[in-house]
Amino acid sequence: MTRNSFITDERISSEGIVGTFIRRVKEGQLGSFPVILALVVIVIVFQSADSNFISPANLVNLSTQVAFLAILALGINLILLLGEIDLSLAQLGGLAASLLGVLVVRQGVPPAMALFIMLLLGLVVGAIQGWFFAVVGIPAFVVTLAGLLAFTGLTLTTLGTQKNLSMSDTFAFDFASFYFPAIWAYIFGAIAIIGFGGGIIYSKLRRHREGLSAPSWASVIVRIVLLAAVVFGFLILVNQDFGLAMPFFLMIVIAIVIDLVLRKTRYGRSIYAVGGKVEAARRAGIRVTWVRISVFMAAGVLAALFGFIKTGVTTNAGSTLVSTQDLLNAIAAAVIGGTSLFGGRGTAWAAVLGALVVGAINNGLYLIGFNSDAQQIITALVLLTAVVIDALSRRGQRYVGRG
């Protein structure tokens, strides 16, 4: 055992789990703890107010609604990691959905080709907006605000005189209403737990071997057990109703892919570097322009997927499919989940956790009889709290020389 590893082990054992947590709070290294705590509080409060909150039927409904919000929030999340904002993603999803509806319902285009065209639209539009921002130098706020207005008009133009387009008998509805058999849901859950557990154990052993600080075995085991309890508890409940919904499953798969790209690839580290300090990233040899454009492209594809999922869930591809509220909820979800508004800090799971918080608040308030006004006010307060925590976290990081 090296001297560094001995010192590391001694520090961890002397601090313990509680001591490590207190130190990280002081240093601004809160991670996902605030949003997880918020979720626990939300569940307790709404379950106490209405016993149907965590009923199988409501959880199935909630998971489906959270799915398309989280996919849009994942797109917003990528843009926020650059330290920028995209105001057009929700409306781009609406434009892509209207194009899909026209192609499938009115033109009889095969579903696979229509879906490909829909995703290609998101990719191309993302590239165009990214080019205006990264190459021409127009602020992302202005570019995407123009996009929001343009996509709204293009949606109406695409739909023509008939502004409402039903998708109830299409493959989009079939996709959104598909539920996995219980055995497959449990298999997916087991794979997720094994993958998560194997990943953090491997990371601990590698850091220990290299003489770096690593979490204690107690914290590793606690994390695996807690995640397993949440995953299988959720699956047991939803399998008492329709089961695991395809939109929710797709959202989890997308989040896993984005998480691996951000954490395990050079490209992902480049995104954080550009969002943290553009000039430093450029001097380090990172292709800043390409990173920016590619992130906007990825966000555009996610926006199209958001439109596809929401179209299937609501069976509507008309002009009323999306609204400004979708965009605001997605931005709120990413920020509430822990992604910094200042760029360079956040994870893919921040968007998912934030979407769960926003979705749970809206669903719980609806169950106990609150109207949409109250839902928006409470969501705004939660968002403000998240921004305050982010600001305090950055201050703590600067204090210890990390910010």
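Residues numbered from 1 in each chain as written. Predicted model: local features only at pLDDT ≥ 70, side-chain atom pairs only at ≥ 80, totals over all residues. Heavy atoms only, no water.

Per an unreviewed UniProt entry, the chain is named Xylose transport system permease protein XylH, and its organism is Brevibacterium epidermidis. Turning to the chain, the UniProt record has this under Function (unreviewed entry): "Part of the binding-protein-dependent transport system for D-xylose. Probably responsible for the translocation of the substrate across the membrane." (UniProt positions renumbered as here; feature names shortened; annotations may be inferred.)

> Please clarify how the overall build of the chain should be interpreted in this entry.
Counting its regular elements, the chain contains 16 helices and two strands. Within the span of the chain, comprising 403 residues, buried residues form 44% of the whole. Relative to all contacts within the chain whose residues are 6 or more apart in sequence, the contacts with residues 24 or more apart total 77%. A total accessible area of about 19,500 Å² is found for the chain, and carbon and sulfur atoms account for 68% of it. (Helix = DSSP H or I, 4+ residues; strand = E, 2+ residues; numbered from the N terminus. Buried < 20%, exposed > 50% of the residue type's maximum accessible area, 1.4 Å probe, protein only. Contact = heavy atoms within 4.5 Å. Areas by Shrake-Rupley, 256 points an atom, 1.4 Å probe, with all protein chains shown as cover.)

> What am I meant to see in the packing of aromatic side chains here?
Any two aromatic rings considered together are summarised by their centre-to-centre distance and by the angle between their planes. Tallying each qualifying case throughout the model produces 13 aromatic pairs. Ring plane angle 25° and centroid distance 5.2 Å describe the contact between Tyr179 and Phe242, whose orientation is recorded as stacked. In this pair, Tyr179 sits in strand β1 (residues 179-180) while Phe242 sits in the loop between α9 (217-238) and β2 (244-245), placing the two residues 63 residues apart along the sequence. (Phe/Tyr/Trp six-rings, centres within 6.5 Å; stacked < 30°, edge-to-face > 60°.)

> Sorry if this is basic, but what is going on with the nonpolar core here?
Soluble globular proteins tend to bury their nonpolar side chains together. Counting residues in hydrophobic clusters, the biggest one holds 100 residues, and the most contacted among them are Ile71, Leu74, Ile76, Met251, Ile258 and Leu302. The biggest single contributor to this core is helix α3 (residues 56-81), with 17 residues. Residues within four places of Ile258 in sequence aside, it is in contact with Leu74, Leu78, Leu302 and Ala348. (Core = buried A, V, L, I, M, F, W, Y, C linked by side-chain atoms within 4.5 Å.)

> Any chance you could explain the environment of Val135 here in plain terms?
With respect to the element layout, Val135 can be found in helix α5 (residues 111-136). Measuring from C-alpha to C-alpha, the distance between Val135 and Ile293 comes to 8.8 Å, with 158 residues separating the pair along the chain. Ignoring any residue separated from it by four or fewer positions in sequence, one finds Val135 in contact with Gly130, Thr289 and Ile293.

> Can you walk me through helix α2 (residues 33-49) in this structure?
Spacing of three or four residues puts side chains on the same side of an α-helix, whose turn is 3.6 residues. In this model α2 runs 24 Å from its N-terminal to its C-terminal C-alpha over 17 residues, within 8% of the 24 Å that 1.5 Å per residue would give. Listed in full, the buried residues belonging to α2 are Val35, Leu39, Ile42 and Phe46. The buried residues of α2 occupy an angular sector of 65° when projected down its axis, which confines them to one face. Facing away from the buried side of α2 by over 90 degrees, the exposed positions are Ile44 and Ser48. Contact partners of the buried residues in α2: α14 (324-337) and α15 (348-367). (Expected span 1.5 Å × (residues − 1). Arc of directions from axis to C-beta.)

> Where do I start with the packing of helix α10 (residues 246-264) against helix α13 (residues 288-314) in this structure?
Think of two packed helices as two axes; the pair is described by the angle between the axes and how far apart they sit. Two numbers describe how α10 lies on α13: the axes approach to 12 Å, and their chain directions differ by 170°. If you check the angle between α10 and α13, you find them roughly antiparallel. Across from Pro247, Leu250, Ile254 and Ile258 in α10, the residues of α13 making contact are Leu302, Leu305 and Ile309. (Axes fitted to C-alpha atoms, helices over the stretch in contact; angles between N-to-C directions. Parallel < 35°, antiparallel > 145°, perpendicular 65-115°, else oblique.)

> When you look at a nonpolar patch on the surface in this model, what are you seeing that I'm missing?
A contiguous nonpolar surface patch, about 780 Å² in accessible area, is contributed by Phe116, Leu120, Leu123, Val124, Ile128, Trp131, Phe132, Val135 and Val136. Along the chain, the position of Phe132 falls in helix α5. (Patch = residues over 30% accessible without salt bridge, like charges linked within 9 Å, V, L, I, M, F, W, Y side chains within 5 Å. Salt bridge = Lys/Arg side-chain N within 4 Å of Asp/Glu carboxyl O.)

> What is the right way to read helix α11 (residues 266-276) from this model?
All of the buried residues in α11 are Gly268, Ser270, Ile271, Val274 and Gly275. Down the axis of α11, the smallest arc covering the buried residues is 155°, so these residues share one side. On the buried face of α11, the contacting elements are α3, α10, α12 (278-283) and α13.

> I would appreciate a short explanation of the side chain of Lys310 in the present structure.
Following the sequence through the fold, Lys310 ends up in helix α13. By relative accessible area, Lys310 is classed as buried at 10%. Not counting chain neighbours up to four residues away, the residues in contact with Lys310 comprise Phe68, Thr315, Leu321, Val322 and Asp326.

> Would you take a moment to explain unusual backbone geometry for this structure?
For residues besides glycine, phi is generally negative; the peptide bonds are generally trans as well. Positive phi, normally seen in glycine, also occurs at Thr315, with a value near 55°. Looking at the secondary structure, you find Thr315 in the loop between α13 and α14. With a relative accessible area of 23%, Thr315 lands in the partly exposed category.

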